[in-house]
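So the chains spell out like this:
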Amino acid sequence: MSSVAITEATAARFDELAASDLAPVEVAVIDSGIDATHPDLAGRVVSQWTVEDEEGRLAVHPLETGINNDTFGHGTAVAGIIARIAPNARIHDIRVLDARNKGDPTASLVAFRHVLAQRLRLINMSLAIPASQREPLFKLCESAYQRNQVVVAAKRNVPVTDEGLPAEFSSVISIDNHQVEPMSLHFIEQGLIEFATLGNDLTVPAPGGGYTVKTGTSFATPTVTAMCCLFLGRWPMLRQFELKTILKARAHGHV
Amino acid sequence: MAMDRSFLSRYLGIAPSTREEGVLRLLLETAIRTVDAAEGSVLAYDRDANDLRFVMTVNGPSSLIGQRVPIGAGLTGLAALTHEVQIGAPTFKTVDDCNQATGVEGEPSAVIAAPMVSGDTLIGVLTGVRFKPGYRFTTDDGRAYGNFSTIAALMLDQHSRLRELSGGTGDVTTAGFGPEEARIMAAVASVARSRPDRLPRLAQLFEQMADIAI
């Protein structure tokens, strides 16, 4: 069954998949928050959370669903890309970037533990976590792999000491930004980062109801998350390494 | 070019008219030219206030110097929090307006913000701005600006480590200078510490004296 699914998924057209009957897939967006009031995201964001300091300790707090939870626009753009491509995505917003937690790198780990506990199937990480958190992050990504939760992570735009964490780990699907056709993939033959797709000049929703243009690996990543969401909506039994097999076959033009 | 020497000293730990200040300025000027930005600036991270502060601008209004930028909003704040280069464009009401990029004259059409980071520690952010409607920054521009901010961060980090090694006095180093040069340097450093507002006048006097001496 699985090999049939891989063959079919490799050959499927994304627009036809999106228009077909798909099972809903839970997608976590660990980012700067999401403006769930934006028309492009209305009804698509099913839960909203924030990671904030609570008596000297970071913790995940639930928020009212359907609010503007994004002061930067980064997470709204990411969620907008996922929502546009994958109609079956049920988006869960976990805000880790704001002034209150001072961008504490452990905020992302707290959020990660939360989405693991919630058993959310797809996790979009368009953020790179500092190398000081490598070990705990590695363990969390391994846990996600073992639970068949799929992490899609962005390479750093400007890698200095690392390519981006968790993108470097083999337990995640790692994404770079290349100038390729929209919705097409490139397999990167060398290095730790596996796939690239278009992340340049993408028109995306902005907090407050408008639109802006974004460029960077952060915005290539949700395209692949959305692709995986479509595959999992049609073939829910697919595992992470099978998704990588499909993505690689598509990158090599076996469509 | 505009800057405030006391801010440079307080937030970036570099004394005025030193090589470090010159290198930072050159890096910013070169970064702007490389990505064809109209103007650029250096913002330093103020740890106590947890926000960013303009300390140097090139081609930008000098009124920016000293202004605070909250870390919880905007592209510069996002670059500071994510430690990642961020490329931004204005927000439009509709997708069509966005794709046509009909900008407002005088308003930024594109912004780039590259963090200066040492290890996990934020030092500040380099920014660049364009004003031509529809003229956005590319991924290559982002990488270039990121490279300049990396070098700036490395230079500031090395300088800070050297200061710590030399006792953390903040004195301008006089290594390699003769006794007369060291006296002049020490006097300038003393003014920079106690009355940074007098430095422009002092620089003027030095230039006049140098003209006479030469």
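Residues numbered from 1 in each chain as written. Chains lettered and ligands numbered in written order. Predicted model: local features only at pLDDT ≥ 70, side-chain atom pairs only at ≥ 80, totals over all residues. Heavy atoms only, no water.

## A word on the overall build of chain A
Put simply, the rule reads: Strands here mean DSSP runs of E at least two residues long; helices mean DSSP runs of H or I at least four residues long; both are numbered from the N terminus. For the radius of gyration, the atom set is restricted to C-alpha positions; the globular benchmark scales as 2.2 Å times the number of residues to the power 0.38. Whether a residue is buried, partly exposed or exposed follows from its accessible area with a 1.4 Å probe, protein chains only, as a fraction of its type maximum: under 20%, in between, or over 50%, in that order. Positive charges come from Lys and Arg, negative ones from Asp and Glu, while His and the chain ends are left out of the count. Here the site of a charge means atom NZ of a Lys, CZ of an Arg, CG of an Asp or CD of a Glu.
Within chain A one finds 7 helices and 11 strands. In terms of overall dimensions, chain A is globule-like: its C-alpha atoms have a radius of gyration of 17 Å, near the 18 Å expected for 255 residues. Seen through its C-alpha atoms, chain A measures out along the principal axes to roughly 55 × 40 × 35 Å. Per-residue burial for chain A yields a buried fraction of 62% across its 255 residues. In chain A, the 22 positive side-chain charges and the 28 negative ones have mean positions that sit 4 Å from each other.

## Re the overall build of chain B
Applied cut-off: Throughout, the Shrake-Rupley method with a 1.4 Å probe supplies accessible areas, and for residues the shown protein chains are the sole cover considered.
In terms of helices and strands, chain B carries 7 helices and 7 strands. N-terminal to C-terminal, the α/β element order of chain B is β-α-α-β-β-β-α-β-α-β-β-α-α-α. Taken across its 214 residues, chain B has 46% of its residues classed as buried. Within the structure as shown, chain B displays about 10,900 Å² of accessible surface, and the carbon and sulfur contribution to it stands at 54%.

## Notes on the interface of chain B and chain A
How we decide: A contact between two residues is defined here by any heavy atoms of the two lying within 4.5 Å. Accessible surface is computed with a 1.4 Å probe, and the buried area is the amount of it that two parts give up when combined, taken over both parts together. By convention in these notes, a salt bridge is any Lys or Arg side-chain nitrogen within 4 Å of a carboxyl oxygen on Asp or Glu.
At the interface, 34 residues of chain B touch 31 residues of chain A. Of the roughly 2,500 Å² buried between chain B and chain A, counting both surfaces, carbon and sulfur atoms make up 54%. At the surface where chain B touches chain A, the tally comes to 1 salt bridge. Between A:D201 and B:R136 there is a salt bridge; the shortest N-O distance is 3.8 Å.

## Here's the deal with the sheet that holds strand β9 (residues 195-197) of chain A
All names here are of chain A. Quick note on the threshold: Two strands are said to pair when DSSP picks up at least two bridges between them. Lines are fitted to the C-alpha atoms to define the axes, a helix being fitted only along its stretch in contact, and any angle between axes, read from their N-to-C directions, falls within 0 to 180 degrees.
On the basis of which strands lie adjacent, the open sheet formed by 9 strands has the order β3-β2-β4-β1-β5-β6-β7-β9-β8 and mixed pairing. A strand with exactly one partner marks an edge of an open sheet, and here the two such strands are β3 (57-63) and β8 (186-187). As paired strands, strand β2 (residues 45-54) and β3 are joined by 7 bridges and run antiparallel to one another. From the neighbouring strand, T50 faces β3, where its bridge partner is H61. Running at roughly 50 degrees to β3, helix α4 (residues 105-117) makes contact with β1 (25-31), β2, β3, β4 (89-95), β5 (122-125) and β6 (150-154) of the sheet.

## Thoughts on the side chain of B:H159
The topology assignment puts B:H159 in helix α5 (residues 139-165). In contact with B:H159, other than residues within four places in its own chain, are B:G13, B:I14 and B:E20.

## What about helix α7 (residues 240-251) of chain A?
All names here are of chain A. Rules: Any helix carries an expected span of 1.5 Å times its number of residues minus one.
For α7, which comprises 12 residues, the first-to-last C-alpha distance of 16 Å matches the rise-based estimate of 16 Å (1.5 Å per residue) to within 8%. When α7 is considered as a whole, its buried residues turn out to be Q240, E242, L243, K244, I246, L247, A249, R250 and A251. A positive backbone phi angle near 85 degrees is found at G253, which sits one or two residues after α7.

## Notes on the side chain of A:E52
How we decide: In the analysis that follows, any N or O atom pair within 3.5 Å is treated as a polar contact, provided that within protein one partner can donate a hydrogen and the other can accept it, and provided that, for residues neighboring in sequence, both atoms belong to side chains.
For A:E52, the location among the structural elements is in strand β2. In terms of polar contacts, A:E52 uses its side chain to reach the side chain of A:T50, at 3.4 Å.

## Considering a nonpolar patch on the surface
Residue and element names in this part refer to chain B. Where we set the bar: Candidates for patches are residues over 30% relative accessible area with no salt bridge; among them, like charges are joined within 9 Å and nonpolar side chains (Val, Leu, Ile, Met, Phe, Trp, Tyr) within 5 Å.
Together, I184, L205, F206 and M209 make up an exposed nonpolar region whose accessible area comes to about 340 Å². Tallying contributions element by element places helix α7 (residues 199-213) first for the nonpolar patch, with 3 residues. Locating M209 in the fold gives a position in helix α7. Accessibility expressed as a relative area gives 47% for M209, which makes it partly exposed.

## Considering unusual backbone geometry
That bond from A:L165 to A:P166 is cis: its omega, 15 degrees, falls within 30 degrees of zero. Topologically, A:P166 is positioned in the loop between β6 and β7 (173-177). If you check the backbone angles, A:R119 has positive phi at about 60 degrees while not being a glycine. Mapped onto the elements of the fold, A:R119 is located in the loop between α4 and β5. For A:R119, a relative accessible area of 52% translates into the label exposed. If you check the backbone angles, B:D36 has positive phi at about 60 degrees while not being a glycine. Relative to the helices and strands, B:D36 is located in the loop between α2 (19-35) and β2 (39-46).

## Observations regarding the nonpolar core
Residue and element names in this part refer to chain A. Let me state the cut-off plainly: Nine residue types can take part in a nonpolar core, namely buried Ala, Val, Leu, Ile, Met, Phe, Trp, Tyr and Cys, and a core is a set of them joined through side-chain atoms within 4.5 Å.
The biggest cluster of nonpolar side chains holds 51 residues, and the ones touching the most others in it are I91, L122, I173, F231, L238 and L247. No other element matches the 10 residues that helix α6 (residues 217-234) contributes to this core. When neighbours within four sequence positions are excluded, L238 is seen to be in contact with A5, I6, R121, N148, F231, L232, L243 and I246. With 49 residues, the next largest nonpolar core counts V96, M125, L137 and A153 among its residues.

## Things to note about the pairing of β6(A)
Residues and elements named next belong to chain A. Keep this limit in mind: Here, the term right-handed applies to a crossover whose path from the first strand over the helix to the second runs clockwise when the strands point away from the viewer.
Counting buried positions along β6 gives 5 out of 5 residues, so the element sits mostly inside the fold. The alternating pattern of β6 places V150, V152 and A154 on one face and V151 and A153 on the opposite face, and all of these are buried. By the bridge criterion, 4 bridges tie β5 to β6 in an arrangement that is parallel. By the bridge assignment, I123 is partnered in β6 with V151. Between the parallel elements β5 and β6, the chain passes through helix α5 (residues 134-146) in a crossover that is right-handed. Relative to β7, β6 is paired through 3 bridges, and the arrangement is parallel. Its bridge partner being in β7, A154 is matched across the sheet by I175.

## Points about the packing of α4(A) against α5(A)
All names here are of chain A. The test is simple: Roughly parallel means an angle under 35 degrees; roughly antiparallel, over 145; roughly perpendicular, 65 to 115; everything else is oblique. Should the near helix be turned anticlockwise from the far one by less than a right angle, the crossing is left-handed, and should it be turned clockwise, the crossing is right-handed. In this classification, the charged set is Asp, Glu, Lys and Arg, the nonpolar set is Ala, Val, Leu, Ile, Met, Phe, Trp, Tyr, Cys and Pro, and all remaining amino acids, among them Gly, are polar.
Contact geometry of α4 with α5 gives a least axis separation of 11 Å together with a crossing angle of 15 degrees. As summarised for this structure, α4 and α5 are arranged roughly parallel, according to the angle between their axes. Crossing handedness for the pair α4 and α5: left-handed. Touching L109, F112, R113 and L116 of α4 are P136, L137, L140, C141, S143 and A144, all from α5. Here the residues of the contact of α4 with α5 sort into 8 nonpolar, 1 polar and 1 charged.

Shape is all these values report; function is a separate question.
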